[in-house]
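# Inside the fold
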Protein chains: 4
Amino acid sequence: MKYSYLGPSGTFTEAALLQVPGAREADRLPAPSVPAALQSVRAGETDAAMVPIENSVEGGVSATLDAIAAGDELRILSEHLVPISFVLAVRPGVVLSEVRGISTHGHAWAQVSEWVSAHLPESDYFPAGSTAGAALELSRGEAPFEAAVCSPLVAEQLGLEVLAENIGNVADAVTRFILVGRRGQIPAPTGADKTTLVVPLPEDRPGALMDILDQFATRGVNLNRIESRPTGQGIGSYFFSIDVDGHIHEARLAAALRGLHRITTVVFLGSYPRADGLPVAVQPHTSDEAYRSADEWFKTL
Amino acid sequence: MKYSYLGPSGTFTEAALLQVPGAREADRLPAPSVPAALQSVRAGETDAAMVPIENSVEGGVSATLDAIAAGDELRILSEHLVPISFVLAVRPGVVLSEVRGISTHGHAWAQVSEWVSAHLPESDYFPAGSTAGAALELSRGEAPFEAAVCSPLVAEQLGLEVLAENIGNVADAVTRFILVGRRGQIPAPTGADKTTLVVPLPEDRPGALMDILDQFATRGVNLNRIESRPTGQGIGSYFFSIDVDGHIHEARLAAALRGLHRITTVVFLGSYPRADGLPVAVQPHTSDEAYRSADEWFKTL
Amino acid sequence: MKYSYLGPSGTFTEAALLQVPGAREADRLPAPSVPAALQSVRAGETDAAMVPIENSVEGGVSATLDAIAAGDELRILSEHLVPISFVLAVRPGVVLSEVRGISTHGHAWAQVSEWVSAHLPESDYFPAGSTAGAALELSRGEAPFEAAVCSPLVAEQLGLEVLAENIGNVADAVTRFILVGRRGQIPAPTGADKTTLVVPLPEDRPGALMDILDQFATRGVNLNRIESRPTGQGIGSYFFSIDVDGHIHEARLAAALRGLHRITTVVFLGSYPRADGLPVAVQPHTSDEAYRSADEWFKTL
Amino acid sequence: MKYSYLGPSGTFTEAALLQVPGAREADRLPAPSVPAALQSVRAGETDAAMVPIENSVEGGVSATLDAIAAGDELRILSEHLVPISFVLAVRPGVVLSEVRGISTHGHAWAQVSEWVSAHLPESDYFPAGSTAGAALELSRGEAPFEAAVCSPLVAEQLGLEVLAENIGNVADAVTRFILVGRRGQIPAPTGADKTTLVVPLPEDRPGALMDILDQFATRGVNLNRIESRPTGQGIGSYFFSIDVDGHIHEARLAAALRGLHRITTVVFLGSYPRADGLPVAVQPHTSDEAYRSADEWFKTL
C-alpha cells in the first residue's frame with residue numbers, strides 16, 4: 001500500500017495516517033496541499049490519502065470536501081481523531097530564558113496564546129506556513145527565532161528538545177482527518193458509521209433547506225454536520241456539505257438518499273466507521289427490521 | 001352480481017347504485033343501516049354494498065368508514081356522485097294550496113328551508129326517518145301531512161305527483177357514495193385515483209399529526225380529506241380518516257404507506273377511481289419514473 | 001336568560017342544556033334544527049343556544065360548526081358532555097313479550113342493535129325523525145309500534161314505562177354539546193381550555209395543510225380535532241374545522257392565530273373551558289412566561 | 001475613527017477596510033490574528049475591526065464568528081466583498097525564467113496551481129504564514145525564493161514588480177469581510193440586509209435542527225448560510241452559525257428571534273446591509289404590513 005498525506009512530514013496529518021493499520025510500514029508521501037494529496041490517488045500514484053477535515057491548525061473541512069467532490073472517483077474510507085497537543089520546541093541546550101522569538105502557523109499561534117502570555121509575554125511572533133515548517137526551519141540552525149510551537153511528533157523526528165508540553169489553550173483538543181481512496185470500496189457497516197454527502201439546494205426560497213432535511217427527518221436519520229457553501233455560480237446559489245449518522249447499506253439511509261436524488265443531484269462521498277466508535281442510536285421504527293416488516297405488510301394489501 | 005345498499009328503495013343511495021354498470025339488472029337489496037349493508041357483504045350474501053360517504057341527507061362519512069374499517073375484509077371499489085335534488089311530492093290531484101303539513105328527514109328539512117319559507121310559510125313539519133320513508137307514508141294514504149320532500153326517484157317509484165322541483169337551498173348539490181366489496185379486488189390505476197386510509201395517532205403531542213402528514217408531503221402525496229376521530233379509548237386517543245390523491249400501485253404512495261406502517265398501524269381501505277375523473281397532478285420528482293431512476297442511481301453507488 | 005336548543009323536548013340536547021347553571025329555571029325553547037336554534041340567538045330572541053357537536057344520535061359536528069361560522073356574530077361559550085343512555089320505553093302496563101314493533105331514530109337503532117338481536121330478534125323497526133319523536137308518537141296512543149328507544153329524560157317527561165335501561169352497544173357512551181352565544185363574550189382562561197377555528201386551505205398542493213399545522217406546531221399548540229370540509233366552490237377547494245388546546249388569551253395561541261391570519265382567512269369561533277376539565281399541558285418554552293421573557297430579551301439586543 | 005484589521009499591511013483584509021468611507025484617512029492597525037483584531041475593539045483601543053468571514057486565503061468564517069460570539073460586546077456593522085486577484089511578484093529586474101522558488105500562503109498556493117503548472121512547472125514551493133508575509137520576505141532581499149504570490153495591493157506597497165496578473169484558477173473570485181464594532185450600534189434597515197446568529201442545538205436527535213429552521217420557515221425568513229460547529233463539550237454537542245435574509249427591525253425576523261430564544265440560547269451577532277445590495281424578497285404574508293394587519297385583526301376578536 002502507498003499513502004499520500006498533507007505534509008510536511010511530522011504534521012498531525014501524518015500522525016493520523018500512522019493510526020491506519022499497516023501505514024507505519026507503508027510508503028507515505030507528503031503532498032504540498034490537500035488537492036495534491038487527493039490528485040495522487042486519482043492518478044493512481046497512491047492508494048489512499050489522509051487529509052484534515054476540520055477547521056484546525058492545518059486546514060478546513062469544506063475545502064477538503066469540495067476537493068473530494070470535484071469528480072466522482074473518490075470515496076471516504078475512514079475517519080481518524082488525533083489529539084492536538086502543542087509543545088514548545090528548541091534546539092538542544094537552549095533554555096526558556098533565552099527564547100525571544102517563536103515561530104509557528106497562525107492558527108497554532110492563536111491556540112497557545114494563553115501559555116505564551118503567561119510564560120513568554122515579551123516574545124516576538126514569526127509566522128510560518130505550518131507548525132512542522134517552523135520546526136524544520138528551527139532545526140536547520142539559522143532561523144531568526146529560538147523556539148517553535150509544533151507537534152510532539154515533529155519535535156521528536158527533528159531531534160528538538162521540548163521545553164513545555166500541552167501548551168494549548170484548550171486541553172484535550174482533537175482534530176479530525178479522513179482517509180480517501182478510489183471509488184468501489186465501501187467499508188462494511190459496523191453499527192457506528194457516518195455518511196458524507198454533498199447536496200445542492202434545489203432552489204433558493206424559505207423552506208427549500210427544510211425539504212432537504214425532511215428527507216432525513218422523515219426516515220429518522222440524524223444530522224452530524226451541515227455547512228452551506230456557495231457554488232460559485234452567483235448569489236443565492238449554494239450547496240450543503242452534510243454528515244449523517246448511519247451507513248448507505250442501512251434501509252433508512254438508502255431511502256433518504258433515493259429521496260434526495262429525486263429532488264436534487266446529491267453526491268455520495270462515502271459511508272465509513274465513525275472515529276469515536278459510538279454506535280448510532282436507531283429508533284425502532286426506522287430499523288432495517290422495520291423496513292423489512294413494512295415491505296412484507298405492503299405485499300399483503 | 002348481488003348488491004346491498006342503504007335503503008329504503010328510492011333513496012339517493014339507490015340512485016348511486018344505479019350508476020354502477022349492470023346494477024339496474026342486478027339484485028338490489030335495501031338494508032336498514034350502513035353496518036347492515038356492509039355486513040351482508042362480509043357474510044357473502046351480496047357482492048358489494050353502496051353506502052353514503054359524506055355528511056349528507058342520509059348519513060355521515062365517518063360512521064361509514066368506521067364501519068368499513070371494523071374488520072379487514074372490505075375494500076372500497078369505486079365512488080359515485082349523485083345530484084341531490086329535492087322535490088315536493090303529493091298524492092295525485094293535491095294542489096299546493098291544500099298542503100298544510102310536510103314530512104321529510106330532518107337534514108332534508110333544513111336544506112329546503114328557504115323554499116318552504118317562501119312558498120309554504122305556514123306549514124307544519126313532520127319528522128321522518130328518511131326522505132323515502134316520508135314519501136312512502138304519504139303514498140299509503142293515511143298520513144297526517146299532505147306533502148313529502150324526497151328525491152325525484154322515489155316520487156316516480158311511488159306514483160306521487162311533483163308540485164315543485166329543485167327546491168334545495170343549494171343548487172347543484174351533490175353527495176358522495178362508495179361501493180364496497182370484499183378484499184382482494186384492487187381496481188387498476190387510472191391516473192385519476194384516490195386512496196382511503198385509517199391512521200391512528202402514534203401519541204398525543206404537538207407535532208404528532210405532522211409526523212403522519214410528513215410521510216405524505218415528503219413523497220409529494222396530496223391530501224383530499226382528513227378527519228380526526230376519537231378512538232373511544234379515552235381523552236386524547238384518536239385516529240385520522242384520510243383520503244389522498246393517487247393509487248397504492250404508484251411508487252410514491254407505496255413508499256408513503258410503508259412509511260406510515262413503520263410509525264403506526266395504518267389500515268388500507270382501498271385505492272379506486274375518483275368519481276370526478278380529475279387526473280392527479282404528479283410532480284416530476286415524485287413520478288414512478290423518478291422512483292425508478294433513483295433506484296437505478298442508488299445501485300451505481 | 002333565555003335559551004334555545006335542538007328539540008324536541010326531552011332530547012339529549014336538552015339534558016346538556018340542563019347542565020348549564022340556572023338553565024333549569026330559565027326559558028328553554030326547542031328548535032326544529034341546529035340552524036334554527038342558532039338563528040334565534042342571532043336574532044336576539046334567545047341569549048344562547050345548546051347544540052350537538054359530535055356525530056351522535058342527533059347531529060354532526062361539522063354541520064353545526066358550519067352553521068356557527070356562517071356569519072361573524074356567534075361565539076362558543078362552553079362545551080358539555082352528556083352520557084348517552086338508551087332505554088326501551090313502553091306505555092304503562094305493556095310487557096316485553098307484547099313488543100312487536102319498535103320506533104326510534106336510525107342512528108339510535110344502529111346503536112342498540114345488539115340488545116335488540118338478543119331480546120327482541122323478531123321485532124319490526126319503525127324509523128322516526130328523532131328518539132324523542134318516537135317516544136312522543138308512542139305516548140299519544142295510536143302508533144303502529146309498542147315501544148320506543150329513547151333517552152331516560154324523555155321517557156320520564158312523557159310518563160312512559162322503562163322496560164330496559166342502558167341498552168346501547170357501547171356502555172358509557174357520551175356525546176358532546178356546545179353552548180353558543182353572541183360575540184363579545186370570551187370566557188376567561190381556566191388553564192383547561194380549547195379554541196375552535198375554521199381555517200381555509202390557502203391552496204391545494206402537497207404540504208399546504210402542513211403550512212397551516214406548522215403555525216400550531218411551531219408554537220407548541222396541540223391539535224384536538226381536525227376535519228377537512230369542502231367549501232362548495234369546486235373540487236379541491238376546502239377548509240379545515242379545527243379544535244386546539246388552549247385559550248386565545250394565552251401568548252402561544254395568540255401568536256398562532258396571528259400567524260394563520262397572515263396566510264389565510266382564519267375564523268375564530270371561540271375559546272372556552274373543556275368539558276372534561278383536563279388541564280392543558282404547556283411545554284416550558286411555550287408558556288406565557290417564556291413569551292414574556294423572549295420579549296424582554298429582544299428589547300436588550 | 002481607529003480601525004484594526006487582520007494584518008499584515010497589504011492583505012486583502014486591508015483592501016476591504018479601504019472600502020469603508022473615511023478609512024483611507026483613518027488610523028489602521030494591523031493585528032496578528034482575528035482574535036487580536038477583535039480584542040482591540042473589545043478593549044476600546046479601536047472603534048471597529050475588519051476581519052475575513054469566508055474560507056479564503058486568509059482565514060475561515062467559523063473561527064471568525066466564534067471569536068465574535070465569545071462575549072456579548074461585539075456587533076457586525078457591515079460586510080464587504082473584495083475581488084481576490086493574485087499576482088506573481090518579483091524584485092525589480094527579475095524575469096520569469098529566473099524564478100526557481102515561489103513563496104505564498106498554502107491556500108493561495110492551491111488557488112494558483114493551474115497557472116504554476118503551465119508556466120513554472122519546475123518551481124519549488126516555500127510555505128509562508130500569509131501572502132503578504134511572503135512578499136515582505138521577498139522584498140527584504142535575502143529570501144531563498146525569487147517570487148511571491150500575493151495581492152496587487154501588497155506588491156504595489158512594497159515596490160515589487162508584477163510579472164503576471166490574475167493567475168488564480170478561478171477568475172473573478174471574491175471573498176467576504178465584515179466590519180465589527182461594539183454593541184449598541186445596529187445599522188438602520190435598508191431593505192437589503194442580513195442577520196447573523198449563533199444558535200445552539202437544543203438536543204441531539206433527528207429533527208432538532210428542523211425545529212430551529214422551522215422558526216425561520218414559519219415566518220418566511222430565508223437562510224443564506226448555515227454551518228454546524230462542535231461546541232467542544234463532547235460528541236453530539238454542537239451549535240449552528242447562521243446568516244438569514246432581513247433585519248432584526250423587521251417584524252418576521254423579530255418574531256423568529258423571539259421564537260428561537262424560547263427554545264434555545266440564540267446569540268445575535270448583528271443586522272447589517274448585504275455587500276451585494278440585493279434587496280430581500282419578502283412574501284406578502286410575511287411583510288411588516290402583514291404583521292401589523294394581523295395584530296389589528298387579533299384585537300377585534
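### With respect to the overall build of chain A
From N to C terminus, chain A includes 10 helices and 14 strands. Counting only C-alpha atoms, chain A reaches 85 × 45 × 35 Å along its principal axes. Among the 301 residues that make up chain A, the fraction classed as buried is 54%. Intrachain contacts of chain A at a sequence separation of at least 6 include 75% that bridge at least 24 residues.

### Some details on the packing of helix α8 (residues 208-217) of chain A against helix α8 (residues 208-217) of chain D
At a minimum axis separation of 11 Å, α8(A) and α8(D) run at an interaxial angle of 155 degrees. The angle between the axes of α8(A) and α8(D) places the two elements in the roughly antiparallel class. When you trace α8(A) past α8(D), the crossing you get is left-handed. The segment α8(A) lies against α8(D), with A:Leu209, A:Met210, A:Leu213 and A:Ala217 engaging D:Leu209, D:Met210, D:Leu213 and D:Ala217.

### Brief notes about the environment of A:Val90
All names here are of chain A. With respect to the helices, strands and loops of the structure, Val90 is situated in strand β5 (residues 87-90). Classification of Val90 as buried rests on a count of 23 C-beta atoms within 10 Å. Each C-alpha atom of the pair Val90 and Arg219 lies 55 Å from the other, and the pair is 129 residues apart in sequence. Not counting the four nearest positions on each side in its chain, Val90 is found in contact with Val99, Glu146, Ala147, Leu160, Glu161 and Leu163.

### Some words on the sheet that holds strand β5 (residues 87-90) of chain C
Residues and elements named next belong to chain C. With respect to topology, five strands assemble into an open sheet ordered β7-β6-β8-β5-β9, the strand pairing being mixed. Sheet topology places β7 (124-128) and β9 (161-164) at the edges, where each strand pairs with a single neighbour. Direction aside, neighbouring strands of the sheet carry axes that sit 35 degrees apart on average. In the sheet, β5 pairs with strand β8 (residues 147-150) via four bridges, with the strands oriented antiparallel. Note on β8: the bridge partner recorded for Val87 is Cys150. Along the sheet, helix α6 (residues 131-140) makes contact with β5, β6 (101-105), β7 and β8, crossing β8 at roughly 150 degrees.

### Things to note about the interface of chain D and chain A
Every contact between the two is made by 38 residues of chain D and, on the other side, 38 residues of chain A. When contributions to the side of chain D that touches chain A are tallied by element, the ones reaching two or more residues are α3 (61-69), α4 (106-111), β7 (124-128), α8 and β12 (223-230) of chain D. Its residues placed into classes, the side of chain D that touches chain A shows 20 nonpolar, 14 polar and four charged.

### Considerations on the domain arrangement of chain A
Residue and element names in this part refer to chain A. Each assigned domain of chain A is listed with its residue range as follows: domain 1 (1-83 + 175-185), domain 2 (87-164) and domain 3 (186-301). Every contact between the two is made by nine residues of domain 1 and, on the other side, 15 residues of domain 2. Grouping the constituent residues of the side of domain 1 that touches domain 2 by class yields four nonpolar, three polar and two charged.

### Points about the relation of the copies chain A and chain B
Superposition of chain A onto chain B requires a rotation of 179 degrees combined with a translation of 0.0 Å along the rotation axis, giving an RMSD of 0.1 Å. Expressed as a symmetry operation, the mapping of one chain copy onto the other fits a two-fold axis. Minimal C-alpha separation from the rotation axis in chain A is found for A:Thr218, amounting to 3.8 Å. When the interface residues of chain A are mapped onto chain B, 100% of them again lie at the interface, so the same face is used by both copies.

### Considering the environment of B:Pro273
Residue and element names in this part refer to chain B. Tracing the backbone shows Pro273 in strand β14 (residues 267-273). Taking the C-alpha atoms as reference, Pro273 lies 45 Å from Arg100; in sequence the two are 173 residues apart. With sequence-adjacent residues up to four places away left out, Pro273 is seen in contact with Ser78, Pro187, Thr190, Ala192 and Asp193.

Basis of the calculations
Residues numbered from 1 in each chain as written. Chains lettered and ligands numbered in written order. Predicted model: local features only at pLDDT ≥ 70, side-chain atom pairs only at ≥ 80, totals over all residues. Helix = DSSP H or I, 4+ residues; strand = E, 2+ residues; numbered from the N terminus. Buried ≥ 20, exposed ≤ 12 C-beta atoms within 10 Å, placed from the backbone. Contact = placed C-beta atoms within 7 Å. Axes fitted to C-alpha atoms, helices over the stretch in contact; angles between N-to-C directions. Parallel < 35°, antiparallel > 145°, perpendicular 65-115°, else oblique. Left-handed = near helix turned anticlockwise from the far one by under 90°. Pairing = 2+ DSSP bridges. Nonpolar A, V, L, I, M, F, W, Y, C, P; charged D, E, K, R; others polar. Domains from an automatic or database assignment. Least-squares fit on C-alpha atoms with pLDDT ≥ 70 in both.

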